[in-house]
Amino acid sequence: MQVLKFGGSSVKNAENINKVIAIVKEKVKKDKTIVVVSALGGITDVLLLCSKMASEGDEAYKEKLQESEQRHLQTVKDLVPITGQSRVLSLVKTLCNEIEDICNGIFLLRELSNRTKDRVMSYGEILSSQIITAAFNAGGEPCEWKDSKELIITNSNFGSASVDFAVTNERVKEYFDKHSASLHVMPGFISADATGAVTTLGRGGSDYTAAILAAALDANVLEIWTDVSGMMTADPRLVTNVKMIPDISYQEAMELSHFGAKVIYPPTIQPVSSKGIPTWIKNTFAPEDLGTLIKKESTVNGSSIRGISSINSITLLSLEGSGMVGIPGFSKRLFEALASRKINVILITQSSSEHSICVGIDAVNTNEASHAIDDAFAYEIETGKVDPIIVEKDLAIVALVGDNMKSHPGISGKMFGNLGRNGVNVRAIAQGSSERNISAVISAHDVKKAINVLHEEFFETVYKEINLFLAGVGNVGGKLLAQIQQQYQYLLHNLNIKINVVGMANSKKMLFNDEGIDLQNWKQLLTEGESMNMQEFIDRIQLKNLRNAVFADVTANELVASCYDQLLQKSISVVACNKIACSSSYEYYTRLKKLAREFNAQFIFETNVGASLPVIGSLNDLLRSGDNIHSMAAVLSGTLNFVFNNYDGKKSFASVVKQAQDEGYTEPDPRLDLSGKDVMRKIMILSREAGEKMEMEDIANNSFMPPACMEGTVADFYTAMEEHEGHFKSLYEAAAASGKKLKFVAKYENGKAGVGLQHIDPDHDFYHLYGKDNIVLFYTDRYTEQPLVIKGAGAGADVTASGVFADVIRTARP
């Protein structure tokens, strides 16, 4: 004997039912078969809605019942030849009339009990199973219909009845011993109590019906046919890279189904598990797919985790108080209070101090549970021995499930470490002594991110995905996007990293795409994007709540820099090319670094000094390894170095500056470079990283620019420089006359910093600094006479973009 169950999606319409018939015809050739079916897809909900509408006095239930009747009649016409339709159409009409009569009674009484609900809902499975039986017979496959209510006997807990297995097993065996037909069709979900009143086995109960029959008959196999090709490592609606689970143990399947895996109804496992009956999860729409086999022991596949599941709409109830410590019976009273109201406890956790205990329940029971506990502990709450119950709503449970977790230390550490690094706060934890399940209560808002984070850690050995939001897509930003596109395959194959650009913005437009923006067409897509608003851009990033989120700022905008704290507080890493944040007030600078540590995010700003040169990283390495910084000397402006390397008095100083701007070396406003302010920012950042508390006003600036050049617009700036050409020429000639070069130098020593134009001797490290290069000299405990020298290109869109790119990649490190 084999038992096959087909769910609502499998029997939704005539087309799908024909697929079911084709599958069953092949199965019957091998063994006697019982087919258990659900109601046509969506009908149970319609019947429940009609009964509710009737109880509320809404006569529109009649119209919906008519639609349901027509749907069933049409299904008969589509499946059964005209010559055989009459009897079936008459039966359907009779059953639909019965439903309407019951709903009319509900309408008159304005009363809807659980018993009546069960009666109304039972018609869905009766109708579908009768229609499918007729279709088998009309198609030449002899088939007998049997009413499940006559075989499966339960208690009178209407809505979710408990099976009397002793009576049920006896009736099932007795019936099938006397009936030798090769094929039987039975309605799922429905049963009856000892008096014959209709009961139901709970939503999803058709799986349970099939399991009850399979266990009673010691069937060779149970097959659950649905619309997916088996159980998956996570919910495919939440995770795009889910994997099929080829086989799984009964216990693992029970844990996953209990914690939200919708493929199989949780009670289904128990009857087949006790008999060791292999159970397959198969796809009606892809019957050739292997599916998932549920059996006694799963195959060891190298992974300690079998799947990840979740339950939404959870409320956490916490009972706390010093009066609980050492007093037996508190837990018993708590569970009795909930049991008296028939409230199921999904998760339990208690502190070892016995000072508190909390339970997770379905959110729909929140008010009733709260009142029940308040009543049970009224005296203790009134006398202050126990605090008033704490109710936390809008929560969810995520669970890791796997038989092999107990033999693999570190699973919990990985789970909570990854959740923490992504800003997912864990409110409660539960793990059974079997170590088959680790459950965590988190905010419902974080479920998708949490499951993706965990799935990436435990199942996606192929790559780690970074979700990148980019502010600024101008010269440097554009180069960055080109580099990301160019290196996409390299990163995937060599570093197992996938950079997914999910958001971008310029001063006018912003664009989002959770699946990743097409980098071949980003310019056009951005022009078609939404109007840019910085706070809305930040809000949307937070609202999306994506895992491994990184915000890269390649603007020079103060407003953008002022938003970093909002991102870091949500565990979103920040990569800053923009120097404004780290060169703003010392208070904001330290606040950002503290937030990054507190919320397990990364705040990386290597390109603030020296573009892609490893200046800040090397400075931090020196300090972390125990060295001390005594002084620093540096040429930190690629722009000024380019200008003074190319200015010889033969062409105007203004024209050389314009050349630097045209070649992409300057800030958008070149005055930031030539005023020395940009260099001041950089030496201050280095001083702060070296441990110095420093503000901009603490830095001396020996500016070489005439004040008149720094007024007005950028156009006025160039005009003024032409007018002061004599000043610039005299600076050059004074240095050249003594065989020296002009370099704009930044220095830090003994807690003080300054910047200014200097004459550099030919034997100095700065003398042979060409083009747009930067150089930094570190004098430390270890580097005394000969400094640590870092030298290279310090300006240019390509090198700056590559530095930002490298910082983004660094965020993928744990």
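Here the structure is shown first, and the text comes after it.
Structure report, in brief. (Residues numbered from 1 in each chain as written. Predicted model: local features only at pLDDT ≥ 70, side-chain atom pairs only at ≥ 80, totals over all residues. Heavy atoms only, no water.)

### Here's the deal with the layout of surface pockets
Rules: Method remark: on a 1 Å grid restricted to protein atoms, a set of points is classed as a cavity if a 1.4 Å probe fits but cannot get out and as a pocket if it is open with protein on both sides within 12 Å along at least five of seven lines; lining residues have an atom within 4 Å of a point. Grid points are joined across faces, edges and corners, and a volume is the space filled by probe spheres set on the points. Numbering of helices and strands runs from the N terminus, with a helix taken as a DSSP run of H or I at least four residues long and a strand as a DSSP run of E at least two residues long.
Here the second largest pocket is characterised by a volume of approximately 880 Å³. Lining the second largest pocket are 34 residues, and of these Ala-601, Gln-602, Phe-603, Ile-604 and Arg-810 sit closest to its centre. Residue assignment for the lining of the second largest pocket shows that the elements contributing at least two residues are helix H13 (411–421), strand S18 (464–471), strand S22 (549–553), helix H21 (586–598), strand S24 (603–604), helix H22 (615–624), helix H26 (677–689) and helix H29 (797–810).

### Remarks on the environment of Gly-420
Convention followed: Residue contacts are defined here by distance: any two heavy atoms, one from each residue, within 4.5 Å place the two residues in contact.
Within the fold, Gly-420 resides in helix H13. Apart from residues lying up to four places away in sequence, Gly-420 is in contact with Ser-571, Phe-599 and Asn-600.

### Notes on empty space enclosed by the protein
This model, assessed by the stated rule, comprises 1 cavity of 30 Å³ or more. Lining the largest cavity, in full, are Leu-65, Gln-66, Ser-68, Glu-69, Cys-96, Ile-99 and Glu-100. Of all the secondary-structure elements, those providing two or more residues to the lining of the largest cavity are helix H3 (61–79) and helix H4 (85–109).

### Brief notes about the packing of H4 against helix H5 (residues 114–138)
Applied cut-off: Under this scheme, a helix contributes an axis fitted over its contacting stretch, all axes are lines through C-alpha atoms, and angles between N-to-C directions fall in the 0 to 180 degree range. Here is the rule for angles: anything less than 35 degrees is roughly parallel, anything more than 145 is roughly antiparallel, 65 through 115 is roughly perpendicular, and the remaining ranges are oblique. Each residue receives one of three labels: charged for Asp, Glu, Lys and Arg, nonpolar for Ala, Val, Leu, Ile, Met, Phe, Trp, Tyr, Cys and Pro, and polar for the others, Gly being one of them.
As a packed pair, H4 and H5 sit with axes 10 Å apart at the nearest point and diverge in direction by 175°. Taken together, H4 and H5 sit at an angle that is classed as roughly antiparallel. In this structure, H4 contributes Arg-87, Val-88, Leu-91, Val-92, Leu-95, Cys-96, Glu-98, Ile-99, Ile-102 and Ile-106 to the contact, and H5 contributes Thr-116, Arg-119, Val-120, Tyr-123, Ile-126, Leu-127, Gln-130, Ile-131 and Ala-134. Of the residues belonging to the contact of H4 with H5, the class tally is 14 nonpolar, 2 polar and 3 charged.

### Let's talk about the sheet that holds strand S29 (residues 773–780)
The criterion, for reference: Two strands pair under a simple rule: DSSP has to find at least two bridges between them.
The 6 strands lie next to each other as S26-S28-S27-S25-S29-S30, forming an open sheet whose pairing is mixed. Both edges of this open sheet fall to strand S26 (699–702) and strand S30 (788–793), since each of them pairs with a single strand only. Neighbour-to-neighbour, the strand axes of this sheet turn through a mean angle of 20°, independent of strand direction. Here 9 bridges tie strand S27 (residues 741–749) to strand S28 (residues 752–760), and the two strands are oriented antiparallel to one another. Counted as the bridge partner of Ala-746 is Val-755 from S28. Contacts between helix H23 (residues 638–646) and the sheet are confined to strand S25 (629–635), S27, S28 and S29, with S27 contributing the most and set at about 150° to the helix.

### With respect to helix H28 (residues 725–737)
Under the convention used in this document: Expected span, for any helix, means 1.5 Å times one less than how many residues it has. When accessible area is computed with a 1.4 Å probe and restricted to protein chains, residues below 20% of their type maximum are described as buried, those above 50% as exposed, and intermediate ones as partly exposed. Along the arc lie the directions from the helix axis toward the C-beta atoms.
The terminal C-alpha atoms of H28 lie 18 Å apart, and with 13 residues this matches the ideal 18 Å at 1.5 Å per residue to within 8%. Those residues of H28 that sit buried are Glu-725, Phe-728 and Ala-735. The arc that holds the buried residues of H28, viewed along the axis, is 105°, so those residues lie on one side. H28 presents Gly-726 and Ala-737 as exposed residues on the side facing more than 90 degrees away from its buried surface.

### Remarks on the packing of H3 against H5
We apply this condition: Should the near helix be turned anticlockwise from the far one by less than a right angle, the crossing is termed left-handed; should it be turned clockwise, right-handed.
It is the contact of H3 with H5, at a shortest axis distance of 10 Å, that shows an interaxial angle of 15°. The orientation of H3 relative to H5 falls into the category roughly parallel. The handedness of the crossing between H3 and H5 is right-handed. Between H3 and H5, the contacting residues are His-72, Thr-75, Val-76 and Leu-79 on the first element and Leu-127, Ile-131 and Ala-135 on the second. Per-class residue counts for the contact of H3 with H5 are 5 nonpolar, 2 polar and no charged.

### Some details on helix H27 (residues 714–723)
Of the residues making up H27, those classed as buried are Phe-717, Tyr-718, Ala-720 and Met-721. Buried positions in H27, seen along its axis, are confined to an arc of 165° and lie on one side of it. Structural note: H27 exposes Ala-715 and Glu-723 on the side pointing more than 90 degrees away from its buried face. Residues of H27 that are buried sit in contact with helix H24 (653–662), helix H25 (671–674) and H28.

### A word on the pattern of salt bridges
Note the threshold: Salt bridges, as used here, are contacts in which a Lys or Arg side-chain nitrogen is within 4 Å of a carboxyl oxygen on Asp or Glu.
Tallied over the entire structure, the rule returns 33 salt bridges. The partner of Glu-252 in a salt bridge is Arg-306, with the nearest N and O atoms 3.4 Å apart. Taken together, the positions of Glu-252 in helix H8 (residues 250–258) and Arg-306 in the loop between strand S11 (292–295) and strand S12 (307–320) put the pair 54 residues apart, joining distant regions of the chain. With a relative accessible area of 4%, Arg-306 lands in the buried category. Two residues, Arg-624 and Asp-621, come together in a salt bridge whose shortest N-O distance is 3.0 Å. Taken together, the residues Arg-624 and Asp-621, both in helix H22 and 3 residues apart, mark about one turn of the helix. Residue classification places Arg-624 among the exposed residues on the basis of a relative accessible area of 63%. Judged by relative accessible area, Asp-621 falls into the partly exposed class, the value being 45%. The network of salt bridges with common partners includes Glu-456, Glu-465, Lys-498 and Arg-547.

### Observations regarding the packing of aromatic side chains
To keep it simple, the criterion reads: Note on ring pairs: Phe, Tyr and Trp rings are taken, using the six-membered ring of Trp, and paired if centres are within 6.5 Å. Classes follow the plane angle, with under 30 degrees stacked, over 60 edge-to-face and the rest tilted.
By the definition in use, this model includes 19 aromatic pairs. Taken together, a centroid distance of 5.8 Å and an interplanar angle of 40° make the contact between Tyr-586 and Tyr-589 tilted. Taken together, the residues span about one helical turn, with Tyr-586 and Tyr-589 both in helix H21 at a distance of 3 residues. There is no split in this pair, since Tyr-586 and Tyr-589 are both buried. Ring centres of Tyr-647 and Phe-653 lie 5.2 Å apart, and the angle between their planes is 90°; this geometry places the pair in the edge-to-face category.

### A few points about the pairing of S27
Bridging between S25 and S27 involves 4 bridges; their strand directions are antiparallel. Paired with Ala-634 across the strands is Ala-746, a residue of S27. Taking the residues that link successive antiparallel strands as the turn, the S27-S28 hairpin has 2 residues, and the phi of Asn-750 there is positive, at about 55°.

### A few points about unusual backbone geometry
Even without being glycine, Arg-110 reaches a positive phi, approximately 55°. Structurally, Arg-110 is set in the loop between H4 and H5. Arg-110 gets classed as partly exposed once you look at its relative accessible area, which sits at 44%. Its identity as a non-glycine residue notwithstanding, Asn-600 has a phi of 55°, on the positive side.

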